[in-house]
Amino acid sequence: MTRNVKTLFIANRGEIAVRIIRAAKEIGLKTVQAHSLADMESLAVKLADEAVNIGPPAASKSYLNVESVVAAAVASGADAVHPGYGFLAENARFAEAVEAAGLVFVGPTPHQIRMMGDKVSALEAAIAAGVPTAPGSRGRIETPDEAAKVVERTGFPVMIKASAGGGGRGIRVANSRDEFDRLMPQASAEALAAFGDGGLYIEKFVASARHVEVQVLGDGHDVVHFFERECSLQRRRQKVWEEAPAAMLPPDVRARLCQSAVDLAKAVQYRGAGTIEYLYDESSREYYFLEMNTRIQVEHPVTEMITGFDLVREMIRIAMGERLRMRQSDIVMRGHAVECRINAEDPAKGFFPAPGTIDSLSVPGGAGVRFDTILYQGYTVPPFYDSLLGKLIVWDENREAALDRMKRALNELSIGGLKTTKPLHLALAADPDVRAARFDTQFLEAWLEHRATMLENH
Amino acid sequence: MATKDILSPLPGTFYRKPSPDAPPYKKEGDAVKKGDVVGLIEVMKSFHEVHADADGTIASFIAENEEPVMAGQPLITLNQ
């Protein structure tokens, strides 16, 4: 069914709001930007056709307030709502409220959000679709006896995960049976306090794991993949640097990995943009399903750079009721792309947050360079939200050339007035292990322990 | 009696309690010692404790719980 959409309401902020406005304008949509009182001067507000105040600076009272966001969307006369990432993007109740108000939600169905948002039902869907999962409980642990049987089978170390967790939250690692018996009750109490659900499940811990994820688009009938990204360079389980494709992945493993993501998305008749995340064990060449994110992701541009498709535009078209405009055979990857997250944090001081006013700005350009940012000269970065200032993305014919190009682009980037993570990325781009793609999800934190002094802003 | 304001060390959101369901760190009339935690500032999704920089008794809260504050803004008035 084609839906007549003329006006898109953007229920988010920051660089993804800017990204969505650009995609919407290119297909002739009018844009209405929601903003808190702290974001009246944001680039998204300046670029949108209209802007609507949805509440005070605190996100809980503005960007996370389902009732006020939906009411503002309706009052603006918009036909569709794009949730971006974070905030309400994976909130099934929000998707339902948008649809109940007669508007189109740019994303999956509320049922799909709910199923993938609960880690246990997501795991069950993955198993049913034949997607490899890490040895473990394959579902919620109900009793201590059940838990004991699972760890006898998997051995140690194991991860204890909160059923309602996600994005790395609510995870503990037990190295022995004693530690396991001690951590289980703590983990359950913490999960109950943090997520309102004390449910736990258990998975074998992969010692040297790499984070790979497959981008998919579905239209509720067909699903295609856009190959994988690697996001192993993480700090406190937050991605810092992302690449496409995953450099170390053998072609036969890539083919199976990407097909498994399509199988899962097809099995749930997935609609919209989604990402299936996996752990990859390089030594055994095995990959295990982690979770599915039912939204556009921060790092989507590296995929756009190697495939040439505009994922945000496609997800809006799908929400408008269009079928997928490409077949799998139309999607070919070429070259290599890298994204560095430029955050307002001081890497020489434990990544201490650094909001402030931009007193000078010089943005890199040239072939294969893209900077998705919220910055303009004179802009004051508010302290109330995340620290992402922009994403510097480069493409080149191969990984080595892309890393050289990233170094060149980072050197051209100059943000005056506050501290940023640029020195971290310059050091990473020159690091022999990074250049050889020798890293896992534990790499960056260990690497940082010895290098804080190298990371001063100049 | 002399008074002294405790200033926000950072811009962000001021919280009077360690978590939404917990009791406040301090209430009006409470005695504080230098170094006591009197609140939290959330800045860019990270949380930082606000410490009293002098001994005294809390006369009043100038900033409300969950109020947006700027660096250097008075949060709490102490009687000394």
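Refer to the structure presented above.
Residues numbered from 1 in each chain as written. Chains lettered and ligands numbered in written order. Predicted model: local features only at pLDDT ≥ 70, side-chain atom pairs only at ≥ 80, totals over all residues.

What follows deals with the overall build of chain A. Each helix and strand counted, chain A has 15 helices and 22 strands in total. The C-alpha radius of gyration computed for chain A amounts to 22 Å, which stays within 12% of the reference 23 Å derived for 458 residues, consistent with globular compactness. The C-alpha extent of chain A, read off along each of the three principal axes, is 60 × 55 × 45 Å. Taken across its 458 residues, chain A has 53% of its residues classed as buried. Intrachain contacts of chain A at a sequence separation of at least 6 include 66% that bridge at least 24 residues. (Helix = DSSP H or I, 4+ residues; strand = E, 2+ residues; numbered from the N terminus. Rg over C-alpha atoms; globule rule 2.2 N^0.38 Å. Buried ≥ 20, exposed ≤ 12 C-beta atoms within 10 Å, placed from the backbone. Contact = placed C-beta atoms within 7 Å.)

This brings us to the sheet that holds strand 3 (residues 31–32) of chain B. Across the sheet, four strands lie side by side as 1-8-6-3 (chain B); this open sheet has antiparallel pairing. Both outer strands of the open sheet, strand 1 (3–7) and strand 3 of chain B, are each paired with one neighbouring strand and no more. (Pairing = 2+ DSSP bridges.)

The next point concerns the pairing of strand 9 (residues 209–219) of chain A. Residue and element names in this part refer to chain A. The element strand 9 is largely enclosed, with a buried count of eleven among its eleven residues. Residue alternation in strand 9 divides its side chains into two sets, Ala209, His211, Glu213, Gln215, Leu217 and Asp219 and Arg210, Val212, Val214, Val216 and Gly218, and both sets are buried. Where strand 9 and strand 10 (residues 223–235) come together, six bridges link them in antiparallel fashion. Bridge pairing in strand 10 places Val214 opposite Glu228. Turn length for the strand 9-strand 10 hairpin, with the two strands adjacent in sequence and antiparallel, is three residues, and the turn residue Gly220 shows positive phi of about 90°.

Let us look at the environment of Arg323 of chain A. All names here are of chain A. Tracing the backbone shows Arg323 in the loop between helix 11 (311–319) and strand 14 (336–343). Residue classification places Arg323 among the exposed residues on the basis of 11 C-beta atoms within 10 Å. In this structure the C-alpha to C-alpha distance between Arg323 and Gly218, which are 105 residues apart in sequence, comes to 8.6 Å.

Attention now goes to the interface of chain A and chain B. At the junction of the two partners, chain A supplies eleven residues and chain B supplies nine residues. Of the residues assigned to the side of chain A that touches chain B, the class counts are nine nonpolar, one polar and one charged. (Nonpolar A, V, L, I, M, F, W, Y, C, P; charged D, E, K, R; others polar.)

Put simply, side chains in a regular strand alternate between the two faces of the sheet. All names here are of chain A. Among the 13 residues that make up strand 10, twelve are buried, leaving the element largely enclosed by the rest of the structure. With four bridges joining them, strand 10 and strand 11 (residues 238–244) adopt antiparallel strand pairing. Bridging across to strand 11, Glu230 finds its partner in Glu243. Remark: two residues form the turn of the hairpin made by strand 10 and strand 11, two consecutive strands paired antiparallel; Arg236 in that turn has positive phi of roughly 50°.

None of this, on its own, says anything about what the molecule does.
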